[in-house]
Amino acid sequence: MFITSDDAQLYTVVFGDSPRTLLALGGWAGSWELWTNTFTYLSSTWRTIAYDHRGTGATVTPTESIKFETLVNDVFVILDALNVKQCVLAAESAGVAVALQAALQQPQRFNGLVLVDGMYYWPASSDHDPFLIGLKNDFEATVAQFVERCVPEPDSAAIRRWGRQILMRSSQADAVQLYECMFGLDLRPQVSQITQPALILHGEADHILPVTVSEWLSSTIPDCHLHIINHSGHVPTVTRPQEVAETINHFFEHRL
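None of these values were measured; they are calculated from a predicted model.

*Asks:* How would you sum up empty space enclosed by the protein? Please name residues and give values.
*Replies:* Scanning the entire structure with this criterion turns up 2 cavities of 30 Å³ or more. By volume, the largest cavity is sized at about 200 Å³. Around the largest cavity, the lining comprises 18 residues; the ones closest to its centre are L34, F146, C150, L167 and V235. Only α5 (139–150) and α6 (157–167) provide two or more residues apiece to the lining of the largest cavity. With 5 residues, the single largest contributor to the lining of the largest cavity is α6. Along the lines of polarity and charge, the residues of the lining of the largest cavity split into 12 nonpolar, 5 polar and 1 charged. Lining of the second largest cavity is provided by L25, G26, G27, W28, Y51, H53, L71, A94, G95, V98, L178 and M182.

So this is what it looks like as structure tokens:
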């Protein structure tokens, strides 16, 4: 289904009919499909919801509307459209910054957080940012290199091919805007105000964001558990979905 949020048509999927709900966000130019494999395991005991955020997948939106503030606001548009009063909010990579800001903005809407290989601090970039230069000058090759770094696991050629297809559904302009809209973001001073129980997962072999990023986050959020996924890269929701799902279920078993 498509849900309207101002000038955007957000492509949204819903699975399962459990009383407890989990809403999942993708990262950077990754669509909701980054949660597909994990939802295979979760949707039998959760109502699972995800959507293509602005600039990704099947969602239609003007490039200029892609801002950090609108990405956060869209979370609440989805919840309101589906009449979700409260849920666990899950996110991976750059989506973690959106999830944290949403939880800080309206804490009563969320009874838990799942933060996977997450970004919450991104210094302002310069004109010499090699990734940004690559996106602007050779978009397809830069995306391919990014996917290789995201998925270092052996015997993952099919997953890498799928990952390239997912990211290339973003236009070059949208992918650049999604990257640039995070410049200067710093949620570190606010993280200690998170009141929800938070499960943090991080791939041991993540070449995009080091494990130390999640170690700091877990030491700062008051009610938090850190789970390191051995031999996993940046997208364990894709490469280790059963472990991700089982860890989520175990963490929230007695909390919801």
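*Asks:* Tell me about the packing of helix α2 (residues 68–81) against helix α3 (residues 95–105), and please be specific about residues and values.
*Replies:* Orientation of α2 relative to α3, taken along the N-to-C sense of each, is 65°, at an axis distance of 9 Å. With respect to the hand of their crossing, α2 and α3 are arranged in right-handed fashion. Of the residues in α3, those touching α2 at F68, L71, V72, V75 and F76 are A97, V98, Q101, A102 and Q105. When the residues that make up the contact of α2 with α3 are grouped by side-chain class, the tally is 8 nonpolar, 2 polar and no charged.

*Asks:* So what's going on with the layout of surface pockets? Residues and values would help.
*Replies:* Computed from the structure, the largest pocket encloses a volume of approximately 400 Å³. Around the largest pocket, the lining comprises 17 residues; the ones closest to its centre are W122, F131, F146, Y179 and I208. For the lining of the largest pocket, the secondary-structure elements that each account for two or more residues are α5 and α7 (172–180). Element by element, the count of residues in the lining of the largest pocket is highest for α5, at 4 residues.

*Asks:* Can you tell me about the packing of aromatic side chains, naming the residues and giving the values?
*Replies:* Tallying each qualifying case throughout the model produces 15 aromatic pairs. When the ring of F131 is compared with that of Y179, the centres are 5.1 Å apart and the planes differ by 70°; the resulting orientation is edge-to-face. Of this pair, F131 sits in helix α4 (residues 130–137) while Y179 sits in helix α7, and the two are 48 residues apart along the sequence. For the pair F131 and Y179, a shared accessibility class is recorded, and that class is buried.

*Asks:* Outline the environment of P152, listing residues and values.
*Replies:* Tracing the backbone shows P152 in the loop between α5 and α6. Once the C-alpha coordinates of P152 and T142 are considered, the two residues, 10 residues apart in sequence, prove to be 16 Å apart. Apart from residues no more than four positions distant in its own chain, P152 is found in contact with R160, A205, H207 and G233.

*Asks:* An account of the sheet that holds strand β9 (residues 198–203) is requested, with residue identities and associated values reported.
*Replies:* Within the open sheet, the 8 strands sit side by side as β1-β2-β4-β3-β5-β6-β9-β10. Their pairing is mixed. The sheet terminates laterally at β1 (2–5) and β10 (224–229), the two strands that pair on one side only. Within this sheet the neighbouring strands show an average axis-to-axis angle of 20°, counted without direction. Direction of pairing for strand β3 (residues 21–25) relative to strand β4 (residues 47–51): parallel, over a ladder of 4 bridges. Paired with T21 across the two strands is R47, which belongs to β4.

*Asks:* Give a detailed account of α3, specifying residues and quantitative values.
*Replies:* Given 3.6 residues per helical turn, the α-helix brings residues three or four places apart onto the same face. With respect to burial, α3 is a largely interior element, 10 of its 11 residues being buried. Considered for burial, the residues of α3 that qualify are G95, V96, A97, V98, A99, L100, Q101, A102, A103 and L104. Its buried side turned inward, α3 meets β3, α2, β5 (87–92), β6 (110–116), β8 (185–186) and α8 (211–220).

*Asks:* Describe the pairing of β1, listing the residues and the values that go with them.
*Replies:* Burial along β1 is one-sided: I3 and S5 are buried, while F2 and T4, pointing the other way, are not. For β1 and strand β2 (residues 8–15), the ladder comprises 4 bridges, and the chain directions are antiparallel. Paired with S5 across the bridge in β2 is A8. Here β1 folds back onto β2, and the loop between the two strands holds 2 residues, one of which, D6, carries a positive phi near 55°.

Rules and cut-offs
- Residues numbered from 1 in each chain as written.
- Predicted model: local features only at pLDDT ≥ 70, side-chain atom pairs only at ≥ 80, totals over all residues.
- Heavy atoms only, no water.
- 1 Å grid on protein atoms, 1.4 Å probe; cavity = no way out; pocket = protein on both sides within 12 Å on 5 of 7 lines; lining within 4 Å.
- Points joined across faces, edges and corners; volume = space filled by probe spheres on them.
- Helix = DSSP H or I, 4+ residues; strand = E, 2+ residues; numbered from the N terminus.
- Nonpolar A, V, L, I, M, F, W, Y, C, P; charged D, E, K, R; others polar.
- Axes fitted to C-alpha atoms, helices over the stretch in contact; angles between N-to-C directions.
- Left-handed = near helix turned anticlockwise from the far one by under 90°.
- Contact = heavy atoms within 4.5 Å.
- Phe/Tyr/Trp six-rings, centres within 6.5 Å; stacked < 30°, edge-to-face > 60°.
- Buried < 20%, exposed > 50% of the residue type's maximum accessible area, 1.4 Å probe, protein only.
- Pairing = 2+ DSSP bridges.

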